[in-house]
Amino acid sequence: MALTKADMAEHLHARLGLNKREAKDVVESFFEEIRVALERGEQVKLSGFGNFDLREKKERPGRNPKTGEEIPITARRVVTFRPGQKLKSRVESYAGHEH
Amino acid sequence: MMKSELIEALTEQQTHLADKDVELAVRLILERMSDALAEGERIEVRGFGSFSLHYRPARVGRNPKTGEAVSLDGKHVPHFKPGKELRDRVNAAYLASLERAEAA
């Protein structure tokens, strides 16, 4: 079981009384706006939850794992997530094993 | 972009919703996500990415001030894996900006 956009929309419907269409739109736009900011090269800081950061990676040598052929991994920008203190401390004590 | 700016961008788009509702919606989405992770539940958002927990085993650490050894319990930490659409869009925009810089 995993939390999905549909679950989040259902939550907004139940808690805020948004109709299903509105709830689905808000959830979709929420993630789209974060993507757009990251696309612009902007860090996204969601206090209490965490930060989405960007890191630039230089070109490095790589290999096709199937053929063993050498192909460079080109320079790229990647997204990383740094959980905030509040989220970290909430998650830390989770005692189960489901990941 | 801060949370307040994300809320602002959403209120401009969701003109049929009260600003207050948009603000609450953002808070509810983030709370729902935090609650899921706190219960060990994964989050899967297609085109954006997935969040899960990674386990860090118990270890002996040191108090950086005194150098004293302290045993640290095992713990879970949140982990995010960007989805394909997010990876591709962020990288395509970056490569385009590099090309523009080179051409200038």
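Residues numbered from 1 in each chain as written. Chains lettered and ligands numbered in written order. Predicted model: local features only at pLDDT ≥ 70, side-chain atom pairs only at ≥ 80, totals over all residues. Heavy atoms only, no water.

Asks: Looking at this structure, how should I read the packing of helix α2 (residues 20–39) of chain A against helix α1 (residues 3–13) of chain B?
Replies: Each packed pair of helices is defined by two parameters, the angle between the axes and the distance between the axes. Running from N to C, α2 of chain A and α1 of chain B point in directions that differ by 125°, and their axes come no closer than 10 Å. When the axis of α2 of chain A is compared with that of α1 of chain B, the two are oblique. For the pair α2 of chain A and α1 of chain B, the sense of crossing is right-handed. Contact residues: α2 of chain A offers S29, F30, E33 and I34 of chain A, while α1 of chain B offers L6, A9, L10 and Q13 of chain B. The residue makeup of the contact of α2 of chain A with α1 of chain B, split by class, is 5 nonpolar, 2 polar and 1 charged. (Axes fitted to C-alpha atoms, helices over the stretch in contact; angles between N-to-C directions. Helix = DSSP H or I, 4+ residues; strand = E, 2+ residues; numbered from the N terminus. Parallel < 35°, antiparallel > 145°, perpendicular 65-115°, else oblique. Left-handed = near helix turned anticlockwise from the far one by under 90°. Contact = heavy atoms within 4.5 Å. Nonpolar A, V, L, I, M, F, W, Y, C, P; charged D, E, K, R; others polar.)

Asks: Where do I start with helix α3 (residues 84–103) of chain B in this structure?
Replies: Residue pairs spaced three or four apart in an α-helix point in one direction, given the helix's 3.6 residues per turn. In this model α3 of chain B runs 28 Å from its N-terminal to its C-terminal C-alpha over 20 residues, within 8% of the 28 Å that 1.5 Å per residue would give. Every buried residue belonging to α3 of chain B is among L86, R89, V90, N91 and Y94 of chain B, and all of these are buried. Buried residues along α3 of chain B sit against α2, β3 (50–57) and β6 (76–83) of chain A together with β5 (75–82) of chain B. (Expected span 1.5 Å × (residues − 1). Buried < 20%, exposed > 50% of the residue type's maximum accessible area, 1.4 Å probe, protein only.)

Asks: Sorry, what's going on with the interface of chain A and chain B here?
Replies: Note on interface size: it is often stated as the accessible area lost on association of the parts. With 51 residues of chain A in contact, the opposing surface of chain B contributes 52 residues. Between chain A and chain B, roughly 5,200 Å² of surface is buried when both sides are summed, and carbon and sulfur atoms account for 69% of that area. Put simply, chain A and chain B have 4 salt bridges between them. For the salt bridge of R89 of chain B with E32 of chain A, the shortest nitrogen-to-oxygen distance reads 2.9 Å. At the boundary of chain A and chain B, one finds 17 residue pairs in polar contact (both at pLDDT 80 or more). Taken together, the elements giving at least two residues each to the side of chain A that touches chain B come down to β1 (2–3), α1 (5–16), α2, β2 (44–46), β3, β6 and α3 (85–92) of chain A. Here the side of chain A that touches chain B takes 15 residues from α2 of chain A, the largest share from any one element. In the side of chain A that touches chain B, the residues fall into 27 nonpolar, 7 polar and 17 charged. (Buried area = accessible area lost by both parts, 1.4 Å probe. Salt bridge = Lys/Arg side-chain N within 4 Å of Asp/Glu carboxyl O. Polar contact = N/O pair within 3.5 Å; in protein donor to acceptor, adjacent residues only side chain to side chain.)

Asks: What is the right way to read the domain arrangement of chain B from this model?
Replies: Residue and element names in this part refer to chain B. One can read the domain layout of chain B as domain 1 (1–41) and domain 2 (42–103). Summarising the inter-unit geometry, the C-alpha centres of domain 1 and domain 2 are found 22 Å apart. In this assembly, 5 residues from domain 1 lie in contact with 5 residues from domain 2. Across the domain 1/domain 2 interface, buried area totals approximately 490 Å², and carbon plus sulfur atoms make up 81% of it. (Domains from an automatic or database assignment.)

Asks: Sorry if this is basic, but what is going on with the pattern of salt bridges here?
Replies: Pairing is possible between side chains of opposite charge, provided their charged atoms come close. As enumerated under the stated definition, the model contains 17 salt bridges over all chains in all. For R63 of chain A, the salt bridge goes to E70 of chain A, with nearest N and O atoms at 3.6 Å. Grouping residues by exposure puts R63 of chain A and E70 of chain A together as exposed. Note that K84 of chain B is salt-bridged to D88 of chain B, the shortest N-O span being 2.6 Å.

Asks: Looking at this structure, I do not really get the sheet that holds β1 of chain A. What am I missing?
Replies: Strands belonging to one sheet form pairs held by backbone hydrogen bonds; the direction of such a pair is parallel or antiparallel. Across the sheet, which stays open at both edges, the 4 strands sit in the order β1(A)-β1(B)-β2(B)-β5(B) with mixed pairing between neighbours. The open sheet terminates on both sides in strands that have one partner only, identified here as β1 of chain A together with β5 of chain B. Relative to strand β1 (residues 42–45) of chain B, β1 of chain A runs parallel, the two being bridged by 2 bridges. Within β1 of chain B, the residue paired with A2 of chain A across the bridge is R42 of chain B. Strands β1 of chain A together with β1 and β2 (49–56) of chain B of the sheet are contacted by helix α2 (residues 19–38) of chain B, whose axis makes an angle of about 35° with β2 of chain B. (Pairing = 2+ DSSP bridges.)

Asks: Just to check I follow, could you spell out the sheet that holds β6 of chain A for this structure?
Replies: Residues and elements named next belong to chain A. The strand order across the open sheet built from 3 strands is β2-β3-β6, with neighbouring strands paired in antiparallel fashion. A strand with exactly one partner marks an edge of an open sheet, and here the two such strands are β2 and β6. Sheet twist, expressed as the mean angle between neighbouring strand axes with direction ignored, is 25°. In this structure, β3 lies alongside β6, joined through 8 bridges in antiparallel fashion.

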